[in-house]
Amino acid sequence: MQTRIDKMEEESLMKKIFDSRTFISICYYGFYLVIGISMLIKQPFGNPPDEYNRFLIPQYIAQNGTLPNGYEEAIRIGGYGFSYAFQPILPYMFQGYAMRLVSVFTDSEEILLYTARSVNLFFGFCTAWIVLRLSGKWFSNRRFGWFFAFLATFLPQSIFVHTYVNTDSCCMLSIAIMLYGLTLGLENGFSVGSSGILAAGIILCALSYYNAYGYILSCILLFTAYFLRKSSDKIQFDIKGFLKKGGFISAIVLLGIGWWFIRSAILYDGDFLGLRTRHECAMLHAIPEFHPDTRVTWKSQGYSFWDMATGSDFWTLSILSFIGVYGPMTITTSLWVYRFYKALFLMGALLSAAIPISKAEGIRGFYQERKVFRLFYHANMLFCIIMPLLLSLYYSYSTDYQPQGRYLLPALLPVCYYTIHGLEKAWNLKFINLKFINKPKRKNQVLTISVILLCMIIMGLLMVTVYGYAFPYYEANPIAP
């Protein structure tokens, strides 16, 4: 009888705290909007990384109602001699046409800037929504799911990219959608709904940010591997299902992205990616200091890749700005913010790698017993973590791009997954059932309180970063350099 009462009390507590999705969701989304809107308004124009040059494209679209050619002088970046219009500009299109609509009612430059930034804030809100839904798929224990969602959404650098004009925000949304669509597809055999979600994510990714294309490749590989089955010691491939469902996804994607790459091929003599033409434009118009042939880089000075990796501040800048460095890489936060996140990520990663894989590990679904597929899935997620890092290293070495955490943000969701999953695996170890938490009720209560405290710490560290460091900087420097 007492056991039943204890169980009822536990269920009641859980319902009040974690099953009350409405209350927690209001806190989650409300906190995002309060922080996001205040940052959107407070930041001086051009203070976030390269915002001035990026804003030229939506501004052009708003004024002319058409998409610019990459060679347009009005959008060319001073000194460097090229423009961002050679690459996919779907986020700038949303921003530009939103500005064009708002300009019917006002010509305030400030309001138009806020309009463009608000598009990215909306992308961030959608990302937060998808991440929360994804957490329910990736973690059977809702407590760890909430921890994952709060960590991924309220990392200081994560929310920062959704508050100014860039393509990173749409990229983060596309990654969340792709992972969610892939997860649903692996569970339900790639139904029409999950296939459509996956296709939408691929479209947004393809038209926003080349550095995240590794996710598209991984989705293709995992989709293909899904149709491989071992039967009677033979590997069989469901070619019919692969062609039917793959054709459906491919048709949607091609309809969504084909127009852009056809347009680029027509405008730039077959250069459908625009990369070669962008380089040629820079060769024509760049000043000597930034000219591709004369720019000073690690590579041009004869240093090896190893020299840069070991003899520069690449790792320090990348790690710190992945956690949170605002403005043009000038606004740092408290030392304890960096220490907390470095310790959390490192501990979670080590636990995830060190504790043996269990049958319940990873995404729940049909393939829990398919060891090879499970390993292949994790190999793809690790690839999605490593690829942005390798690209950032390459750019810093050969093109002299400043190491910035926003280049590494495409790896955020897998990084957060393995961090929280490592903690989850450790929590489920038998020796964790110590004397004072050896009862399921007490253990769940301890976990509930711990997750609540950790989520509050995450929100508190973000508030310290925004209100304690960024806003005082903005007040002291109201005009961007």
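Above this text is the structure in question.
Counting starts from 1 at the beginning of each chain's written sequence and moves along it residue by residue. Reporting of local features is limited, given that this is a predicted model, to residues whose pLDDT is at least 70; pairs of side-chain atoms are given and counted only at 80 or more, and all residues count toward the totals for whole chains, interfaces and linings. Hydrogens and water are ignored here; the side-chain numbers use all heavy atoms of the structure.

What am I meant to see in the overall build of the chain here?
Counting from the N terminus, the helices are the DSSP runs of H or I reaching at least four residues and the strands are the DSSP runs of E reaching at least two. Tallying secondary structure elements over the chain gives 18 helices and two strands in all. For 481 residues, the compact-globule formula gives about 23 Å, and the C-alpha radius of gyration of the chain, at 24 Å, lands near that figure. The buried label goes to any residue with under 20% of its type's maximum accessible area, the exposed label to any with over 50%, and the partly exposed label to all in between, with areas taken from a 1.4 Å probe on protein chains only. In the chain, which comprises 481 residues, the proportion classed as buried is 52%. Any two residues whose heavy atoms approach within 4.5 Å are treated as being in contact. Restricting to contacts in the chain with at least 6 residues of sequence separation, those with at least 24 account for 75%. In this setup the radius of gyration rests on C-alpha atoms only. A globule is expected at 2.2 Å times the number of residues raised to 0.38.

Sorry if this is basic, but what is going on with the packing of helix H3 (residues 51–64) against helix H4 (residues 90–102) here?
When two helices pack together, their arrangement is given by the angle between the helix axes and by the axis-to-axis distance. In this analysis an axis means a line fitted to C-alpha atoms, helices contributing only their contacting stretch, and an angle means the value between N-to-C directions, from 0 to 180 degrees. Running from amino to carboxyl end, H3 crosses H4 at an angle of 45 degrees, the nearest separation of the two axes being 7 Å. The angle between the axes of H3 and H4 places the two elements in the oblique class. Handedness of the H3/H4 crossing: right-handed. Along its contact with H3, which presents Arg54, Phe55, Ile57, Pro58, Gln59, Ile61, Ala62, Gln63 and Asn64, the element H4 presents Tyr92, Met93, Gln95, Gly96, Tyr97, Met99 and Arg100. Its residues placed into classes, the contact of H3 with H4 shows nine nonpolar, five polar and two charged. With respect to orientation, any angle under 35 degrees is reported as roughly parallel, any angle over 145 as roughly antiparallel, any angle of 65 to 115 as roughly perpendicular, and every other angle as oblique. Should the near helix be turned anticlockwise from the far one by less than a right angle, the crossing is termed left-handed; should it be turned clockwise, right-handed. Polar here means any residue other than Ala, Val, Leu, Ile, Met, Phe, Trp, Tyr, Cys and Pro, which are nonpolar, and Asp, Glu, Lys and Arg, which are charged; Gly is therefore polar.

What's the story with the layout of surface pockets in this structure? I'm lost.
A probe as big as a water molecule, rolled over the atoms, marks out the empty space that is left. Here the second largest pocket is characterised by a volume of approximately 840 Å³. Only protein atoms enter the calculation, which uses a 1 Å grid: trapped sets of points that fit a 1.4 Å probe without letting it out are cavities, open sets showing protein on both sides within 12 Å along at least five of seven lines are pockets, and any residue with an atom within 4 Å of a point is a lining residue. Lining the second largest pocket are 28 residues; nearest its centre among them are Phe345, Ala349, Ile385, Val415 and Thr419. If you tally residues by element for the lining of the second largest pocket, the top one is helix H15 (residues 335–354), at eight residues. When the residues that make up the lining of the second largest pocket are grouped by side-chain class, the tally is 21 nonpolar, four polar and three charged. Grid points are joined across faces, edges and corners, and a volume is the space filled by probe spheres set on the points.

In this structure, what is going on with the packing of aromatic side chains? I would like to understand it.
To describe a pair of aromatic rings, you give the distance between the ring centres and the angle between the ring planes. Side-chain rings of Phe, Tyr and Trp (the six-membered ring for Trp) are treated as a pair once their centres are within 6.5 Å; stacked means planes under 30 degrees apart, edge-to-face means over 60, and tilted covers the remaining angles. Following the criterion strictly, the structure yields 45 aromatic pairs and no others. Measuring from ring centre to ring centre gives 4.2 Å for Tyr80 and Phe290, while their planes differ by 25 degrees; the resulting arrangement is stacked. Placement of the pair is Tyr80 in the loop between H3 and H4 and Phe290 in the loop between helix H12 (275–285) and helix H13 (305–311), with a sequence separation of 210 residues. We classify Tyr80 as partly exposed; its relative accessible area is 30%. Relative to Tyr213, the ring of Tyr210 has its centre 5.2 Å away and its plane inclined at 90 degrees; by these criteria the two rings are edge-to-face. Residue classification places Tyr213 among the partly exposed residues on the basis of a relative accessible area of 24%. Of the aromatic side chains, those joined through ring pairs into one cluster are Tyr28, Tyr29, Phe31, Tyr32, Phe125, Trp146, Phe150 and Phe154. Lying across the ring of Tyr84, Arg54 places its NZ or CZ 4.4 Å from the centre. Sitting over a ring, as applied to charges here, requires NZ of Lys or CZ of Arg to be within 6 Å of the ring centre and within 35 degrees of the ring normal.

Looking at this model, I keep getting lost on the pattern of salt bridges. Mind explaining?
Any two side chains of opposite charge can pair, given that their charged atoms come close. Counted as salt bridges are all cases of a side-chain nitrogen of Lys or Arg within 4 Å of a carboxyl oxygen of Asp or Glu. Tallying each qualifying case throughout the model produces five salt bridges. For the salt bridge of Glu51 with Arg117, the shortest nitrogen-to-oxygen distance reads 2.8 Å. Of this pair, Glu51 sits in helix H3 while Arg117 sits in helix H5 (residues 109–138), and the two are 66 residues apart along the sequence. With respect to class, Glu51 is no different from Arg117; both count as buried. As a salt-bridge pair, Glu187 and Lys137 come within 3.2 Å of each other at their nearest N and O atoms.

Is there a simple way to think about empty space enclosed by the protein in this case?
If you walk through the whole model with that rule in mind, you get one cavity of 30 Å³ or more. When its volume is computed, the largest cavity comes out at roughly 90 Å³. Around the largest cavity, the lining comprises 13 residues; the ones closest to its centre are Thr127, Val131, Ala152, Thr153 and Ser158. Counting only elements with at least two residues in the lining of the largest cavity, the list comes to H5, helix H6 (142–154), helix H8 (168–188) and helix H17 (412–427). A per-element tally of the lining of the largest cavity places H5 first, with four residues. When the residues that make up the lining of the largest cavity are grouped by side-chain class, the tally is eight nonpolar, five polar and no charged.

For this particular structure, what's the right way to read the pairing of strand E1 (residues 228–231)?
On a regular strand, each side chain points to the face opposite its neighbour's, so the side chains alternate between the two faces of the sheet. Where E1 lies against strand E2 (residues 234–237), four bridges are found, and the strand directions are antiparallel. From the neighbouring strand, Leu228 faces E2, where its bridge partner is Phe237. Linking E1 back to E2 in an antiparallel pair, the connection comprises two residues, with Ser232 at a positive phi of about 55 degrees. Strands pair, by our definition, only if DSSP identifies at least two bridges between them.

Help me understand helix H10 (residues 213–226) in this model?
Because an α-helix packs 3.6 residues into every turn, residues spaced three or four apart end up facing the same way. Here, expected helix span is obtained from the residue count minus one, scaled by 1.5 Å. When the terminal C-alpha atoms of H10 are compared, their 20 Å separation across 14 residues agrees well with the 20 Å that a helix rising 1.5 Å per residue should span. For H10, the complete set of buried residues consists of Gly214, Tyr215, Ile216, Ser218, Cys219, Leu222, Phe223, Ala225 and Tyr226. Buried residues along H10 sit against H8, helix H9 (192–206), E1, helix H11 (239–267), helix H16 (371–398) and H17.

What is the right way to read the side chain of Ser158 from this model?
Checked against the element boundaries, Ser158 lands in helix H7 (residues 156–160). Given a relative accessible area of 6%, Ser158 falls into the buried group. Residue contacts for Ser158: discarding those within four places in its chain leaves Ala152, Thr153, Leu409 and Leu412.

Looking at this structure, I do not really get H12. What am I missing?
Of the positions making up H12, those classed as buried are Thr277, Arg278, Cys281 and Ala282. Each buried residue of H12 lies within a common arc of 145 degrees when the element is viewed along its axis, so the set occupies one face. Our arc is simply the arc of the directions from the helix axis toward the C-beta atoms.

Explain unusual backbone geometry here, please?
Trans peptide bonds make up the majority, and among non-glycine residues the majority have a negative phi. With phi around 60 degrees, Asp50 is a residue other than glycine that occupies positive phi space. Counting through the fold element by element, Asp50 comes out in the loop between helix H2 (21–42) and H3.

Explain the environment of Asn477 to me, please; I cannot follow it from the model alone.
Checked against the element boundaries, Asn477 lands in the segment after helix H18 (440–476). Remark: the alpha-carbon pair of Asn477 and Gln43, spanning 434 residues in sequence, is separated by 9.8 Å.

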